[in-house]
Amino acid sequence: MKNIAVMGFGTVGSGVVEIIEGTSFKEKVGQDISVKAILDVREFPDSPYSSLITNDFNKIIEDDDIDIVVETIGGINPAYEFTVRSLKAGKSVVTSNKELVAAKGAQIMQIARENNASYLFEASVGGGIPIIRPLNNCLAANEIYEIMGILNGTTNYILTQMIKNGQSFESALSDAQKKGYAERDPSADIEGFDTCRKIAILSALSYGKQIDSDKIPTQGITKVALKDIEYADKAGYVIKLIGKSKKVNGKVYAKVCPLMLSKNHPLSGVEDVFNAILVKASATGEVMFYGKGAGKMPTASAVVADCLDIIKHNGFGAPHWQEGGELTCCNPDKVKYYIRLNITDNHRAEKCVIAVFDKVSWIDTDSRDAAFITFAAKEDEIQECIDKLGSLIGKENIVSKIQVEID
Ligand code: HSE
């Protein structure tokens, strides 16, 4: 019998307990698995598992019968302290905590190795989508040079509701919270920080070195208006919150921002809570992973699979990377931008746009919300043009600026 402790009895933690207690894994891993303790500061008198709940971490660390600790507390503290203490006590740790893996993954994996324990985190990116293990194992023969993904279920759900049903941002966010997709503080979703942590994890795993997620330029979806979604549609695009990274001369170029994707792009049809990750690798070429990126059971599925992996393989071949990855802020690719203006004199605005950009693709020139897509150029060159346009028509009249993905 393998005994497991679950720290954090929230959405994901309770899903883990339900799967383990409701399933026999004896045929799969040769022994039964049981949840021996659940750590949470809250009380759950009505839960069928109330007798397992404790608020004392020492009961877990001092129990030699507990082999695996599941950490679904989230955030850095106390999750970091409990994780390190568990590993130092020789217990393996499985987590869905992307914030902790992104911030301290290299260090924690080293502590795990020094203590013959494992630190697995399949659930930290893409919810129920297998992505960590495929990158670590199945694509091991490749050099990975680009990753691009829809990595946050909440924002993809919100954007889909806005696109398909014209639902307001606030009401779609409230639905995502009710469905258990959103973070406790949903600003991590809508401001892009959750996507940022996930692209940092995928980049570290793919390129071999930890990168500082706080330094990745990150923009969420709070400034995306229904008008932008409508114009994107008119021009043949959809707007998605994308995390993207690329290996450039030994450094990593990474960013998180809303991108306009052509309707032919493989990520453009990924809707609702679904996530997808497009990986470009030296031998396989493009590979795409798709599935439910958030929610209780999909995420718990990935956590439990990691527990089973530890029981079967004792953590052999667990993912790892080193400290010391370097970011570059220089986008190696050419970019295009979609720009929306707030104007009263369309004729003058049009003349200013042409004076600055020479040639653009207009989406709308007739209304107060004139909008166009620029030519493709290096990022600083386009920014210079946007600044020039701002000085001619007033910076405050450039109301939207969204990068357009060049296929
Ligand atoms: N809040 C996250 C999301 C949960 O919406 O994707 C899964 O990491």
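Since the model is a prediction, treat every value here as computed from it, not as a measurement.

### Some remarks on the packing of helix 1 (residues 11-22) against helix 12 (residues 296-313)
Put simply, helix 1 and helix 12 touch, their axes get as near as 8 Å, and they point 65° apart. As for how helix 1 packs across helix 12, the hand of that crossing is right-handed. In this structure, helix 1 contributes Thr-11, Val-12, Ser-14, Gly-15, Val-16, Glu-18, Ile-19 and Ile-20 to the contact, and helix 12 contributes Lys-296, Met-297, Thr-299, Ala-300, Ser-301, Val-303 and Val-304. Residues of the contact of helix 1 with helix 12, tallied by class, amount to 8 nonpolar, 5 polar and 2 charged.

### A few points about helix 11 (residues 226-234)
Those residues of helix 11 not exposed but buried are Asp-228, Ile-229, Tyr-231 and Ala-232. The arc that holds the buried residues of helix 11, viewed along the axis, is 165°, so those residues lie on one side. Just past helix 11, the residue Gly-236 takes up positive phi, approximately 90°.

### Thoughts on the site of the ligand
Every residue close to the ligand is listed here: Lys-98, Asn-152, Gly-153, Thr-154, Tyr-181, Ala-182, Glu-183, Asp-189, Asp-194, Lys-198, Gly-293 and Ala-294. The backbone of Gly-153 places a nitrogen or oxygen atom 2.7 Å from an oxygen atom of the ligand. Contact with the protein chains covers 94% of the free accessible surface of the ligand, which is 260 Å². Elements represented by at least two residues in the shell around the ligand include exactly helix 7 (153-165) and helix 10 (193-207). Residue classes in the shell around the ligand are distributed as 3 nonpolar, 4 polar and 5 charged.

### Notes on the sheet that holds strand 3 (residues 53-54)
Spatially, 6 strands are ordered 3-2-1-4-5-6 in an open sheet, and the strand pairing comes out parallel. The sheet is open, and its two borders are formed by strand 3 and strand 6 (119-120), each paired with just one other strand.

### Comments concerning the nonpolar core
Core analysis: the biggest nonpolar cluster contains 75 residues, and Tyr-119, Ile-131, Leu-202, Met-260, Trp-321 and Tyr-338 have the highest contact counts within it. Residues within four places of Trp-321 in sequence aside, it is in contact with Val-101, Gly-105, Ala-106, Met-109, Phe-121, Ile-201, Ala-204, Leu-205, Gly-208, Lys-209 and Gln-210. Counting 28 residues, the second largest nonpolar core, distinct from the first, contains Ala-123, Ala-300, Val-304 and Ile-310.

### Digging into the domain arrangement of the protein chain
One frequent convention defines the size of an interface as the accessible area lost when the parts assemble. The domains assigned to the protein chain are domain 1 (2-131 + 297-313), domain 2 (132-293) and domain 3 (336-404). Roughly 1,900 Å² of surface becomes buried between domain 1 and domain 2 when both sides are summed, with 60% attributable to carbon and sulfur atoms. Interface area lost by domain 1 to domain 2 is led by Lys-98, Ile-129 and Ile-131, which between them contribute 35%. The interface formed by domain 1 and domain 2 holds 6 salt bridges in total. Its salt-bridge partner being Asp-194, residue Lys-98 comes within 3.2 Å of it at the nearest N-O pair.

Scoring rules and cut-offs
- Residues numbered from 1 in each chain as written.
- Predicted model: local features only at pLDDT ≥ 70, side-chain atom pairs only at ≥ 80, totals over all residues.
- Heavy atoms only, no water.
- Axes fitted to C-alpha atoms, helices over the stretch in contact; angles between N-to-C directions.
- Helix = DSSP H or I, 4+ residues; strand = E, 2+ residues; numbered from the N terminus.
- Left-handed = near helix turned anticlockwise from the far one by under 90°.
- Contact = heavy atoms within 4.5 Å.
- Nonpolar A, V, L, I, M, F, W, Y, C, P; charged D, E, K, R; others polar.
- Buried < 20%, exposed > 50% of the residue type's maximum accessible area, 1.4 Å probe, protein only.
- Arc of directions from axis to C-beta.
- Near = heavy atom within 4 Å.
- Polar contact = N/O pair within 3.5 Å; in protein donor to acceptor, adjacent residues only side chain to side chain.
- Areas by Shrake-Rupley, 256 points an atom, 1.4 Å probe, with all protein chains shown as cover.
- Pairing = 2+ DSSP bridges.
- Core = buried A, V, L, I, M, F, W, Y, C linked by side-chain atoms within 4.5 Å.
- Domains from an automatic or database assignment.
- Buried area = accessible area lost by both parts, 1.4 Å probe.
- Salt bridge = Lys/Arg side-chain N within 4 Å of Asp/Glu carboxyl O.

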